[in-house]
Amino acid sequence: MGIDPVTLIVALITVSTPVLLAAIGELVVEKTGVLNLGVEGMMITGAVMGFVVAVNTGSPTLGFLAGMASGMALSLIFGVLTQMLLSNQVATGLALTLFGLGLSALLGVGYPGSTPPPVSDPFPAAMAEIPVIGPILFGHSLIIYLSVLLVAAVWYVLGYTKVGLIIRAVGENHDAAHALGYKVIRIRLMAIMFGGACAGLGGAFLSVVRVQNWVDGMTAGAGWIALALVVFASWKPWRALLGAYLFGGVTALQLRLQAAGINIPVEILAMSPYVITIIVLVIMSSDKSRTALNAPAALGKVFHATG
Amino acid sequence: MTGEPLLSIDNITKAYPGVVANSDVSFQIQPGEVHALLGENGAGKSTLVKMIYGLVRPDSGSMTFRGAAYAPPEPRIARSTGVAMVFQHFSLFEALNVAENIALGMENPPPQRDLAKRIREVSEAYGLPLDPDRLVGDLSAGERQRVEIIRCLLQDPKLLIMDEPTSVLTPQEVEILFHTLRKLAAEGTSILYISHKLEEIRALCDEATILRLGKVVGKCTPRDTSAAEMAELMVGKSLATPARDNADLGEVILKVSGLSVEPSNPFGTPLRHIGIELHAGEVLGIGGVAGNGQDELLAALSGEVTTAPGTVTLHKNPIGDKGPNERRELGILCGPEERLGHAAAPDMSLVENALLTARQRKNLADSGFVNWGATRAYAEKVIADFDVRTPGPDNVARSLSGGNLQKFVIGREILQDPTVLVVNQPTWGVDASAAADIRQAILDLAQKGAGVIVISQDLDELLEVSDNFAALNEGRLSNVRTTRDLTMETIGLMLGGAHDMHDLDEEAIHAEA
């Protein structure tokens, strides 16, 4: 069938990165006990804003920054509503997704078909030409390396620093954290904005680097997959990376299988990344007692400071 | 003790919408003194200590700490000034380990390895053994309290506030705690000890300030004052002790044998081979420290957790596989510990809450339609018979105070004339006079021939109401003993004593000798 494993791996990494970025942001948000279902909306807003700014300024970096800023702005709406006005997190998150989808369609009018500026790679072309490992290790845009570094940083901060300890404590028992004098709402707002920035960056990467075009609704559920990844990864950063790469891998593979004209209905191929990712992660997180231990106990609960 | 007081509280007033929590409260704490703050629930003790700890700001009045004006805007400032607090409801994180929990309560925690070492040192110095690497969710209530105390001690406080510290401890653990507190006081640390348990205050405290409805109503030296005198000051009237005429036990009505249940959450306790025989007219008291399987036992008896049919029998009929509604029809009614969310639906009215458990036995619904008239009448009857203080049955459960809601949920079950009543912590957080009423109602129910199981962590309560006593320890039930023949010491040992404290206790005694 002629599927080259090296190009498959390269494609896998590119396909996975938007989902990975959104998932790692949402992981931090959920670790503070907040469930933001607006990931999809923040991603697509990041995608359109990143694309628009990159096309108009000619600078992909400004595009990425615009994607982050717009995701963060959207998440701040969610933060103010849920943390200060104590609205329901699930309803607010869903509304944020619908809002983001509508807003992005409006902002993106006239941009489909535009070409974004090319993104330069951080490593010299000669390194990317080394057989096999060259394209896999050195042939990507900076954002991809950044996403892996971000996973490592989140893993380190959550597990080994005072800040991470406070984040986990707030998500575990916000009343106790408040009693000890931690600013629950401020910590959560900051996490929500971090999550928004990550989702926005993921969206901008999708439109500017991966697809290099703007299409209405182009995230196609990637935000929802990111949300599922966080849960099935048991809130563990490296597992989220594994889940995202698995999702990307199956997506890249099924696209190639479709192109190769294999005798499997297209619908089954198209749904396979979702099904396979979820099945694998469910099996991995099937030890219920350990998973429950890692889940933030205050997830989705409204915090109302008293006394 | 003379000289400058460590902490002086002058004319503190704090009002919340609709209620004055503290009105013109003044008292002093001397260095090295164990000072008791005594009062009923709702007397304003918690609000007062929250102001000292910087969680709440007073409306008026002032505080002076070691001669300097003291008005902590947040707990961090209070901690750095030298005030530490052990909370009534533990401020711990179950999914984090001991060292992490302690680090969260410190201003500048050392790296985890050094911290673990210091935790071991301090815990040994004060006779409170603790493993820094264990998850708090796996610890007993007594061990959790040690985590809080050590968290405070590591900051070398001048004043240690303890809010109802003994409510979850076995008698032996209470002794160990008092040993630690006396040692701290001897080293010059002042302790503000909040409780409504008079005998404990008499055993431990040097001075006492008594609060009632937010006001200071008296000060005394607990060693020279009788418990009855203090109780009168605290409650404002003398209390009748619940009593009943005689206890003739009838035949066995409820029998539990070989009951084993796996817990439904990771920090639950599995039940192991529980056996109970409950007679008509009997009050069986089941004691135990929190987290030893009380919730699980209640769930297995109420039918929330079903088991093999033969493990629970009522009048020799197997019912282990029947759910709560079927058991209610048969006459087994329950009052769980958690009032809001388990015994009552917080945002539903008392009428609706009456319907929830009384539907079957009181015929409040007919072929799917609720008879609201009868339901309202029943709710009103519960309110009248049990003196529930509420503007009316249409108020939501959440709006009632803890004691009044407790009277309502217990009354709702008792007035359905159960064959078997199972209650968990029937008077938890209820003031003394309401608690006496609830206990009397339980005794009256048994007098009429029902079997009652009272699960409680309050040993005084169990000694007062129960004919027979058994202890629940790590999901196992001890043999049943006649309550009359028991002493606090034997009960303590039945409760499993102080968890893993035996050796240390002896060491402490040798060290003193």
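Note that this is a predicted model, so its numbers are computed, not measured.

Engineer: Go over the overall build of chain B, please, and point to the residues and values.
Structural biologist: When helices and strands are tallied, chain B shows 17 helices and 23 strands. Relative to the compact-globule value of 24 Å for 513 residues, chain B shows a C-alpha radius of gyration of 24 Å, a close match. Dimensions of chain B, computed from the C-alpha atoms along their principal axes, are close to 70 × 50 × 40 Å. Taking all 513 residues of chain B together, the buried fraction comes to 48%. The contacts of chain B with a sequence gap of at least 6 include a subset with a gap of at least 24, amounting to 69%.

Engineer: Could you give an account of the overall build of chain A, naming the residues involved and the relevant values?
Structural biologist: A tally of regular secondary structure across chain A gives 14 helices and zero strands. Its helices and strands taken in sequence order, chain A reads α-α-α-α-α-α-α-α-α-α-α-α-α-α from the N to the C terminus. Its C-alpha radius of gyration of 19 Å places chain A within 12% of the 19 Å reference for a compact globule of 307 residues. Judged by the C-alpha coordinates and their principal axes, chain A covers about 65 × 45 × 40 Å. For chain A, buried positions account for 48% of its 307 residues. Intrachain contacts of chain A at a sequence separation of at least 6 include 79% that bridge at least 24 residues.

Engineer: So what's going on with the sheet that holds strand 15 (residues 317–318) of chain B? Residues and values would help.
Structural biologist: All names here are of chain B. Spatially, the four strands line up as an open sheet ordered 12-11-14-15, and their pairing is antiparallel. For this open sheet the edge positions go to strand 12 (271–279) and strand 15, each flanked by a neighbour on one side alone. Alignment of strand 11 (residues 252–261) against strand 12, held across six bridges, turns out to be antiparallel. Note on strand 12: the bridge partner recorded for Val256 is Ile276. Across the face of the sheet, helix 9 (residues 294–302) comes into contact with strand 11 and strand 12 while running at roughly 60 degrees to strand 12.

Engineer: Report on the domain arrangement of chain B, specifying residues and quantitative values.
Structural biologist: Accessible area lost during the coming together of the parts is what is often quoted as the interface size. All names here are of chain B. We note that the domain assignment places domain 1 (7–235) and domain 2 (252–339 + 418–494) within chain B. With 14 residues of domain 1 at the interface, the matching set in domain 2 holds 12 residues. Mapped onto the side of domain 1 that touches domain 2, the elements with two or more residues apiece are helix 5 (141–153) and helix 6 (171–186). Of the residues in the side of domain 1 that touches domain 2, the class split is five nonpolar, seven polar and two charged.

Engineer: An account of the pairing of strand 1 (residues 7–16) of chain B is requested, with residue identities and associated values reported.
Structural biologist: Residue and element names in this part refer to chain B. Alignment of strand 1 against strand 4 (residues 60–65), held across five bridges, turns out to be antiparallel. When the sheet's bridge partners are listed, Ser8 is paired in strand 4 with Thr64. Looking at chain direction, strand 1 and strand 2 (residues 19–29) are connected through seven bridges and run antiparallel. Bridging across to strand 2, Ile12 finds its partner in Val25.

Engineer: Summarise unusual backbone geometry; cite the residues concerned and give the values.
Structural biologist: You will see that Trp235(A), though not glycine, has its phi angle at about 60 degrees, which is positive. The topology assignment puts Trp235(A) in the loop between helix 11 (222–232) and helix 12 (237–259). The phi torsion at Glu474(B) lies on the positive side, around 50 degrees, for a residue other than glycine. Among the structural elements, Glu474(B) can be located in the loop between strand 21 (468–473) and strand 22 (476–477).

Engineer: Describe the pairing of strand 19 (residues 420–424) of chain B, listing the residues and the values that go with them.
Structural biologist: All names here are of chain B. A large share of strand 19 lies buried, amounting to five of its five residues. Both faces of strand 19 are covered, namely the face carrying Val420, Val422 and Asn424 and the face carrying Leu421 and Val423. Sheet topology places strand 16 (residues 332–335) next to strand 19; four bridges connect them, and they run parallel. Considered in strand 19, the bridge of Leu333 is made with Leu421. Pairing between strand 19 and strand 20 (residues 451–456): five bridges, direction parallel. Bridge pairing in strand 20 links Val420 to Gly451.

Engineer: A description of the nonpolar core should follow, citing residues and the corresponding values.
Structural biologist: The biggest cluster of nonpolar side chains holds 225 residues, and the ones touching the most others in it are Ala23(A), Leu229(A) and Ile161(B). With 16 residues, the single largest contributor to this core is helix 10 (residues 184–210) of chain A. Counting the residues that make up this core, at least three belong to each of domain 1 (7–235) and domain 2 (252–339 + 418–494) of chain B. Dropping the residues within four chain positions of it, Leu229(A) is found in contact with Val19(A), Ala23(A), Ala240(A), Gly243(A) and Ala244(A).

Engineer: I'd love a proper account of the interface of chain B and chain A, names of residues and values included.
Structural biologist: Listed as interface residues are 20 residues of chain B and, on the opposing side, 16 residues of chain A. Listing elements by their share of the side of chain B that touches chain A, those giving two or more residues are helix 2 (75–81) and helix 3 (98–104) of chain B. Among the residues forming the side of chain B that touches chain A, the class breakdown is 12 nonpolar, three polar and five charged.

Engineer: Can you explain helix 10 of chain A? Please cite residues and give values.
Structural biologist: Residues and elements named next belong to chain A. Here helix 10 is 27 residues long and its end C-alpha atoms lie 37 Å apart, about the 39 Å a rise of 1.5 Å per residue gives. Within helix 10, 23 of the 27 residues are buried, leaving the element largely enclosed by the surrounding structure. With its phi angle positive at about 55 degrees, Gln212 sits one or two positions after the end of helix 10.

Engineer: Run through the confidence of the model for chain B, naming residues and quoting values.
Structural biologist: Taken as a whole, chain B shows an average pLDDT of 84; of its residues, 92% reach a score of 70 or greater. Predicted as a complex, the structure gets a pTM of 0.73 and an ipTM equal to 0.78.

Engineer: Can you break down the sheet that holds strand 7 (residues 159–163) of chain B residue by residue, with the values?
Structural biologist: Residue and element names in this part refer to chain B. Here six strands make up an open sheet; going across it, the order is 6-7-8-3-9-10 and the pairing mixed. Edge positions in the sheet fall to strand 6 (83–86) and strand 10 (215–220), since each of these pairs with one other strand and no more. Taking the axes of each pair of neighbouring strands and ignoring which way they run, one obtains an average angle of 20 degrees across the sheet. Both strand 9 (residues 207–212) and strand 10 contribute to a ladder of five bridges, which runs antiparallel. Bridge pairing in strand 10 places Ile210 opposite Gly218. Relative to strand 8 (residues 190–195), helix 6 is tilted by about 145 degrees, and along the sheet it contacts strand 3 (34–38), strand 7 and strand 8.

Engineer: Break down the environment of Ile29(B) for me, citing the residues and quoting the values.
Structural biologist: All names here are of chain B. Of note, Ile29 is situated in strand 2. Since 24 C-beta atoms lie within 10 Å of it, Ile29 is described here as buried. Linking Ile29 and Leu493, residues 464 residues apart in sequence, is a C-alpha distance of 36 Å. Those residues in contact with Ile29 that lie beyond four places of it in its chain are Pro5, Leu6, Leu7, His35, Leu159, Ser190 and Leu192.

What counts, and at which threshold
- Residues numbered from 1 in each chain as written.
- Chains lettered and ligands numbered in written order.
- Predicted model: local features only at pLDDT ≥ 70, side-chain atom pairs only at ≥ 80, totals over all residues.
- Helix = DSSP H or I, 4+ residues; strand = E, 2+ residues; numbered from the N terminus.
- Rg over C-alpha atoms; globule rule 2.2 N^0.38 Å.
- Buried ≥ 20, exposed ≤ 12 C-beta atoms within 10 Å, placed from the backbone.
- Contact = placed C-beta atoms within 7 Å.
- Pairing = 2+ DSSP bridges.
- Axes fitted to C-alpha atoms, helices over the stretch in contact; angles between N-to-C directions.
- Domains from an automatic or database assignment.
- Nonpolar A, V, L, I, M, F, W, Y, C, P; charged D, E, K, R; others polar.
- Core = buried A, V, L, I, M, F, W, Y, C linked by C-beta atoms within 7 Å.
- Expected span 1.5 Å × (residues − 1).
- pLDDT = per-residue confidence, 0-100.

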